[in-house]
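Residue-level structural notes
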Amino acid sequence: MRLILLGPPGAGKGTQAKMLKEKFQIPQISTGDILRAVDEDTELGVEVKKIMAAGQLVPDDMVVDAIKERIRQADCATGFILDGFPRNIAQAEKLSETLIDMSLAIDNVIDLELDPEEVVERLTGRSTCSNCGAMFHQVSRPPKVSGVCDGCESKLAQRSDDNIETIQKRLKVYEESTAPLKEFYKKQGNLITVEAKGSVEEIFSHVCKMIER
Ligand code: ADP
Ligand code: ZN
């Protein structure tokens, strides 16, 4: 199963990707996570950090090369979930070329739809476990103990780009660069649209129903 998760920041791509990963036993490939892991002590790392803090997209070549290498690894043989990639038409075209080269195809593109107002509310309350990556939200999914992960009891952290100013910029970049991908994949005939509202479990069951239809 090869999947792409589309949708504005905060739609829950990461959360749904983690659940899909468990269900289908395929890796979740998040370009955001890959970029956040770039060593900050290098010139490249400093540059990447600056771009992310500004809510802009890093250069296409960088993420395209990372994805090309990643999907060729052994654990991707039975499938993968792309979370946060592609993010513009150029990246989508590069991905299509790469997949054709590998004689592979994407099964489903899942578009998680969410209003901009909701995006802001979700992102400002979001926190992530610094150890296991589990995600929480002040309102919709509060941890049992404030600031502590339910699963592994490590400290929860807020992403530095989850502040109102950067969120607005990320939304603008989404509308301008990423939203056109809906039309791109609709034309290819494998776009699934899911309202990203309700509980995490409700959204997940909706996603699964659409995949298995
Ligand atoms: P979100 O979808 O919630 O904004 P991500 O973790 O997917 O969060 O991305 C965080 C930041 O990483 C983006 O704002 C952007 O700067 C960078 N980034 C992630 N994926 C890509 C990509 N495919 N192309 C360019 N930049 C990316
Ligand atoms: Zn944890």
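Fair warning: this is a prediction, and the values are worked out from it, not measured in the lab.

Once that is clear, we can look at the overall build of the protein. Broken down by element type, the protein carries nine helices and eight strands. Whereas a compact globule of 213 residues would reach a radius of gyration of roughly 17 Å, the protein reaches 17 Å, a difference of no more than 12%. Summarising its shape, the C-alpha atoms of the protein cover approximately 45 × 45 × 35 Å along the three principal directions. Taking all 213 residues of the protein together, the buried fraction comes to 45%. Considering only contacts in the protein between residues 6 or more positions apart, those separated by 24 or more positions represent 71%.

In this section: the coordination of the zinc ion (ligand 2). Listed as protein donors to the zinc ion (ligand 2) are Cys-129 (SG), Cys-132 (SG), Cys-149 (SG) and Cys-152 (SG); their distances from the metal cover 2.3 Å. Because the angles between the four donor atoms bound to the zinc ion (ligand 2) fall within 97 to 120 degrees, the donor set is best described as tetrahedral. As a motif over one chain, the donors of the zinc ion (ligand 2) read C-x2-C-x16-C-x2-C. Residue Cys-129 is found in strand β5 (residues 126-129), and its partner Cys-152 is found in the loop between β6 (135-137) and β7 (156-157); the two are separated by 23 residues along the sequence. Classification of Cys-129 as buried rests on a relative accessible area of 4%.

Now for the packing of aromatic side chains. Under the definition given, this model contains one aromatic pair. Here the aromatic rings of Phe-184 and Tyr-185 are separated by 4.9 Å at their centres, their planes lie at 80 degrees, and the arrangement is edge-to-face. With relative accessibility at 3%, the residue Tyr-185 sits in the buried group. Sitting above the plane of the Phe-24 ring, Lys-23 keeps its charged end 5.7 Å from the centroid.

Criteria and thresholds
- Residues numbered from 1 in each chain as written.
- Chains lettered and ligands numbered in written order.
- Predicted model: local features only at pLDDT ≥ 70, side-chain atom pairs only at ≥ 80, totals over all residues.
- Heavy atoms only, no water.
- Helix = DSSP H or I, 4+ residues; strand = E, 2+ residues; numbered from the N terminus.
- Rg over C-alpha atoms; globule rule 2.2 N^0.38 Å.
- Buried < 20%, exposed > 50% of the residue type's maximum accessible area, 1.4 Å probe, protein only.
- Contact = heavy atoms within 4.5 Å.
- Donors = N, O, S within 2.8 Å, 3.2 Å for Na, K, Ca; no water.
- Tetrahedral: all angles 85-135°; square planar, octahedral: opposite > 155°, others 65-115°.
- Phe/Tyr/Trp six-rings, centres within 6.5 Å; stacked < 30°, edge-to-face > 60°.
- Lys NZ or Arg CZ within 6 Å of the ring centre and 35° of its normal.

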